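# An overview of the molecular structure
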Amino acid sequence: MTDLEAMQAALAEARLAAESGEVPIGAVVVREGAIIARGQNRVLRDVDPTAHAEMVGLRAAAKALGNYRLAGCTLYVTLEPCAMCAGAMIHARLDRLVFAAPDPKAGACGSVLAVLNHPQLNHQMEVAQGIAAEESAELLRGFFRDRR
């Protein structure tokens, strides 16, 4: 599975979130070339401030593997993760994060904060960004434009 294919799957999750009235952010977790978990924003549906797409995906991946450590996994998400989600990724020991669009208001992977790969942390992960960034950004812009 290519990075673009995985990001397209994350975008499909984001569209499903939007159809449910949630901010359109989606995520998938990939291991050994296959999607093992999916997540989408569920904060409104679950009445849970921690139900970000990344958190939902990480929880599902941990259950699928029977282990909270997600070594060998890559998380694909349509928007740069916040500090909460970045912290969870560190604790999960993800190998890699791929995100589409930067988040200039709350991004914790370089835009506002740099939570990942701090030199004092005991876990480092590869980070890639920009795959399908415009498609993700347009999905978010359209969602908020329709809300106004």
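Everything in this summary refers to the structure shown in the same document. (Residues numbered from 1 in each chain as written. Predicted model: local features only at pLDDT ≥ 70, side-chain atom pairs only at ≥ 80, totals over all residues. Heavy atoms only, no water.)

### Focus on the packing of helix 1 (residues 3–19) against helix 5 (residues 133–147)
Put simply, the rule reads: Orientation is described by axes fitted as lines to C-alpha atoms, over the contacting stretch for helices, and by angles from 0 to 180 degrees between their N-to-C directions. Elements are defined by DSSP. Helices are runs of H or I of four residues or more, strands are runs of E of two residues or more, and each kind is numbered from the N terminus. Angles below 35 degrees are treated as roughly parallel, those above 145 as roughly antiparallel, those between 65 and 115 as roughly perpendicular, and all remaining angles as oblique. We call two residues contacting when some pair of their heavy atoms lies within 4.5 Å. Charged means Asp, Glu, Lys or Arg here, nonpolar means Ala, Val, Leu, Ile, Met, Phe, Trp, Tyr, Cys or Pro, and polar covers whatever is left, Gly included.
Where helix 1 contacts helix 5, the two axes come as close as 11 Å, and the packing angle between them is 5 degrees. Between helix 1 and helix 5, the crossing angle belongs to the class labelled roughly parallel. Counted together, Gln8, Leu11, Ala14, Arg15 and Ala18 of helix 1 and Glu135, Ser136, Leu139 and Phe143 of helix 5 form the full contact between these two elements. In the contact of helix 1 with helix 5, the residues fall into five nonpolar, two polar and two charged.

### Side note on the environment of Gln8
Relative to the helices and strands, Gln8 is located in helix 1. Every residue in contact with Gln8, bar those within four places of it in the chain, is listed here: Ala132 and Glu135.

### Description of the layout of surface pockets
Applied cut-off: Site definitions follow a grid-based scheme: protein atoms alone, a 1 Å grid, a 1.4 Å probe that fits but cannot get out for cavities, and for pockets an open set with protein on both sides within 12 Å along at least five of seven lines, plus lining residues having an atom within 4 Å of a point. Grid points are joined across faces, edges and corners, and a volume is the space filled by probe spheres set on the points.
One number sums up the size of the largest pocket: a volume of about 560 Å³. Residue contributions to the lining of the largest pocket peak at five residues, all from helix 5. A per-class count over the lining of the largest pocket returns eleven nonpolar, two polar and seven charged.

### A few points about unusual backbone geometry
Where we set the bar: When accessible area is computed with a 1.4 Å probe and restricted to protein chains, residues below 20% of their type maximum are described as buried, those above 50% as exposed, and intermediate ones as partly exposed.
Here Val47, not a glycine, exhibits a phi torsion of approximately 50 degrees, which is positive. One non-glycine residue, Ala132, lies in the positive phi region at around 60 degrees. Mapped onto the secondary structure, Ala132 falls in the loop between strand 5 (126–129) and helix 5. Judged by its relative accessible area of 18%, Ala132 is buried.

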